[in-house]
Amino acid sequence: MKNDKANTDLRVKRTHKLLWSALGELLLDPKKEFSSITINEICEKAMVHRTTFYKHFVDKYDLLNLFFCNFRMSSGKIAWKTV
């Protein structure tokens, strides 16, 4: 992630959540592989502008890193925690 100091800003948390939720939805599609997912697809699904994506992340691998860092299993359910 590009800017770790803004992790307490609610707008940043919201943007991150929208983006990694969109990535999660795209990854659940059995017809899609991570390598074929584009940043445009992620941004369209998240309703976040592409320039906003690049203000927060270097590339989709950076977003994937956040996705896995925030993912945890909790009593059989998928649970998300904010950054």
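What counts as what
- Residues numbered from 1 in each chain as written.
- Predicted model: local features only at pLDDT ≥ 70, side-chain atom pairs only at ≥ 80, totals over all residues.
- Heavy atoms only, no water.
- Axes fitted to C-alpha atoms, helices over the stretch in contact; angles between N-to-C directions.
- Helix = DSSP H or I, 4+ residues; strand = E, 2+ residues; numbered from the N terminus.
- Parallel < 35°, antiparallel > 145°, perpendicular 65-115°, else oblique.
- Left-handed = near helix turned anticlockwise from the far one by under 90°.
- Contact = heavy atoms within 4.5 Å.
- Nonpolar A, V, L, I, M, F, W, Y, C, P; charged D, E, K, R; others polar.
- Phe/Tyr/Trp six-rings, centres within 6.5 Å; stacked < 30°, edge-to-face > 60°.
- Buried < 20%, exposed > 50% of the residue type's maximum accessible area, 1.4 Å probe, protein only.

Participant: In this structure, what is going on with the packing of helix α1 (residues 10-28) against helix α2 (residues 39-46)? I would like to understand it.
Facilitator: Think of two packed helices as two axes; the pair is described by the angle between the axes and how far apart they sit. Between α1 and α2, the shortest axis-to-axis distance is 8 Å and the interhelical angle comes to 115°. Between α1 and α2, the interaxial angle falls into the category roughly perpendicular. Judged by the sense of rotation from one axis to the other, the crossing of α1 with α2 is right-handed. Contact residues: α1 offers L18, L19, A22, L23, E25 and L26, while α2 offers E41, I42, K45 and A46. For the contact of α1 with α2, the class distribution of residues is 7 nonpolar, no polar and 3 charged.

Participant: In this structure, what is going on with the packing of α1 against helix α4 (residues 60-69)? I would like to understand it.
Facilitator: The contact between α1 and α4 brings their axes to 10 Å, and the two run at 90°. Here α1 is positioned roughly perpendicular relative to α4, judged by the angle of their axes. Judged by residue contacts, H16, L19, W20, L23, G24 and L27 of α1 engage L63, L64, L66 and F67 from α4. Tallied by class, residues from the contact of α1 with α4 come to 8 nonpolar, 2 polar and no charged.

Participant: I would appreciate a short explanation of the packing of aromatic side chains in the present structure.
Facilitator: The way to describe two aromatic rings as a pair is by their centre distance and the angle between their planes. For the structure shown, the criterion picks out 3 aromatic pairs. Ring geometry for F53 and Y54: centres 5.3 Å apart, planes at 85°, overall edge-to-face. Judged by relative accessible area, which is 0%, F53 ranks as buried. Judged by relative accessible area, Y54 falls into the partly exposed class, the value being 28%.

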